[in-house]
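A look at the structure
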Amino acid sequence: MIDNKRLSEMGQAIVEGNKEEAQKYAKEAIEQNLDLMKVIENGFVPGIQKAGDLWEQGEYFLPELITSAECMKAVMSMLQPELKKKKLIAKSLGKIIIGTIEGDIHDIGKNLVSSMLSANGFDVVDLGADVKLTAFIEKAEQEKADFICASSLLTTTMLKQKNLIELVKTKSLSGKLKVLVGGAPVNKQWAKDIGADGYAENAMSAVKLAKTLIQR
Ligand code: B12
């Protein structure tokens, strides 16, 4: 059982950019064998979202937002290897190429999706952030991938998801290859409008979606 008070303290440590405190909570969660997905989604993630809200409201300036983001990354670098260790399935469920689209450096959410897919039995090639559309395609061709997962956190880079899908179609790869899209500004309707094969709002739903689509 995860204490609600502790979950909100985790979020608060991210809001304050208190790396030492946040890492202490992450270490404790690992040692106590807590459900780390819950710890991330209900503890630390609300913290980085709150920092974003404060920035939007003009209460935080960019350096404060960056401090919170660095704190979040430090925590995630402790928790993600633990998620991967829990990998139970030996046989790969499918090959996934993942990255944040060109022009966009946000990678916290993409990294979480990447770790969860890998922890749940997919073979994941993570191209990082600011990934050129052609790099997604080349890697997918080379690896004979089942999915491309494209993350966008900016409304500007969201438009590139559309370009990516158009490019995939011109390559006549689309028979087998499926494109999944996500990121904070993305929603189901957008995914439908641009002809994506799927959308998921968080890392766990991304795993469920990929598992469902791979069976088709
Ligand atoms: C942290 C952060 C940063 C950090 C990024 C650090 C890093 N390494 O990632 C820093 C401080 C560097 C940053 C920079 C900028 N940021 Co910023 N940032 C954020 C913030 C606060 C949180 C993002 C985050 O990490 N969320 C937590 C993760 C876990 O959630 P997530 O990314 O949404 O991912 C989940 C789901 O979306 C989904 N998912 C994600 N990807 C995918 C992919 C697939 C395929 C699937 C299925 C699912 C999926 O699963 C994830 C896990 O559950 C958001 C605000 C917000 N609330 O989103 C602004 C925000 C995204 N940033 C914004 C902006 C404007 C910027 C800057 C342009 C600011 C500037 N003036 O320089 C720059 C971007 C520069 C660039 N070229 O990319 C705006 C975007 C506005 C817009 N309409 O486009 C936002 C929305 C803030 C705001 N409210 O205005 N930012």
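I will try to describe carefully the structure that is included in this document.

1. Details of the overall build of the chain
Assigned secondary structure in the chain consists of nine helices and five strands. If you list the helices and strands of the chain from N to C, you get α-α-α-α-β-α-β-α-β-α-β-α-β-α. Computed over C-alpha atoms, the radius of gyration of the chain comes to 17 Å, within 12% of the 17 Å expected from 2.2 N^0.38 for 216 residues, which places it in the range of a compact globule. When its C-alpha atoms are laid out on the principal axes, the chain stretches across 50 × 45 × 25 Å. Here the chain holds 216 residues, and the buried ones make up 45% of them.

2. A look at a nonpolar patch on the surface
Taken together, the side chains of Trp55, Leu62 and Ile66 make up a nonpolar region of the molecular surface, amounting to roughly 290 Å² of accessible area. Mapped onto the secondary structure, Leu62 falls in helix H4 (residues 62-85). In this structure Leu62 comes out as partly exposed when scored by relative accessible area, which is 43%.

3. So, the side chain of Asn111
By the secondary structure assignment, Asn111 is in helix H5 (residues 108-119). Overall, Asn111 belongs to the buried group, its relative accessible area being 17%. Asn111 has contacts with Lys73, Gln80 and Asp126, leaving out every residue within four places of it along the chain.

4. Looking at the coordination of the cobalt atom of the ligand
In this structure, the cobalt atom of the ligand receives exactly one donor atom from the protein: His106 (NE2), at 2.3 Å. Secondary-structure assignment places His106 in the loop between strand E1 (95-100) and H5.

5. Quick notes on the site of the ligand
Inspection of the region around the ligand gives 35 residues, with Ile105, His106, Asp107, Ser151 and Thr155 positioned closest. With respect to the ligand, the backbone of Asp107 contributes an N or O atom lying 2.7 Å from an oxygen atom. A distance of 3.5 Å separates an oxygen atom of the ligand from a polar atom in the backbone of Ala184. For the shell around the ligand, the secondary structure elements donating two or more residues are helix H3 (36-56), H4, H5, strand E3 (147-151), strand E4 (178-182) and helix H9 (203-214). Per-element accounting of the shell around the ligand gives the leading share, six residues, to H3. Looking at the shell around the ligand, its residues break down into 20 nonpolar, nine polar and six charged.

6. So, the packing of aromatic side chains
Within the structure shown, the criterion is met by one aromatic pair. With a centroid separation of 6.3 Å and 75° between ring planes, the pair formed by Phe122 and Phe147 is classed as edge-to-face. Placement of Phe122 in the loop between H5 and strand E2 (123-126) and of Phe147 in strand E3 is noted, with a sequence separation of 25 residues between them. A relative accessible area of 1% places Phe122 in the buried class. A relative accessible area of 1% places Phe147 in the buried class.

7. Topic: the pattern of salt bridges
Throughout the structure, instances matching the rule amount to 14 salt bridges. For Lys24, the salt bridge is made with Glu21, and the minimal N-O distance between the two is 4.0 Å. Placement of both Lys24 and Glu21 in helix H2 (residues 19-31) is noted, with a separation of three residues, approximately one turn of the helix. Classification of Lys24 as partly exposed rests on a relative accessible area of 45%. Relative accessible area serves as the criterion here: at 28%, Glu21 is assigned to the partly exposed category. Lys162 serves as the salt-bridge partner of Glu166, at 3.4 Å between the closest nitrogen and oxygen.

Rules used throughout
- Residues numbered from 1 in each chain as written.
- Predicted model: local features only at pLDDT ≥ 70, side-chain atom pairs only at ≥ 80, totals over all residues.
- Heavy atoms only, no water.
- Helix = DSSP H or I, 4+ residues; strand = E, 2+ residues; numbered from the N terminus.
- Rg over C-alpha atoms; globule rule 2.2 N^0.38 Å.
- Buried < 20%, exposed > 50% of the residue type's maximum accessible area, 1.4 Å probe, protein only.
- Patch = residues over 30% accessible without salt bridge, like charges linked within 9 Å, V, L, I, M, F, W, Y side chains within 5 Å.
- Areas by Shrake-Rupley, 256 points an atom, 1.4 Å probe, with all protein chains shown as cover.
- Salt bridge = Lys/Arg side-chain N within 4 Å of Asp/Glu carboxyl O.
- Contact = heavy atoms within 4.5 Å.
- Donors = N, O, S within 2.8 Å, 3.2 Å for Na, K, Ca; no water.
- Near = heavy atom within 4 Å.
- Polar contact = N/O pair within 3.5 Å; in protein donor to acceptor, adjacent residues only side chain to side chain.
- Nonpolar A, V, L, I, M, F, W, Y, C, P; charged D, E, K, R; others polar.
- Phe/Tyr/Trp six-rings, centres within 6.5 Å; stacked < 30°, edge-to-face > 60°.

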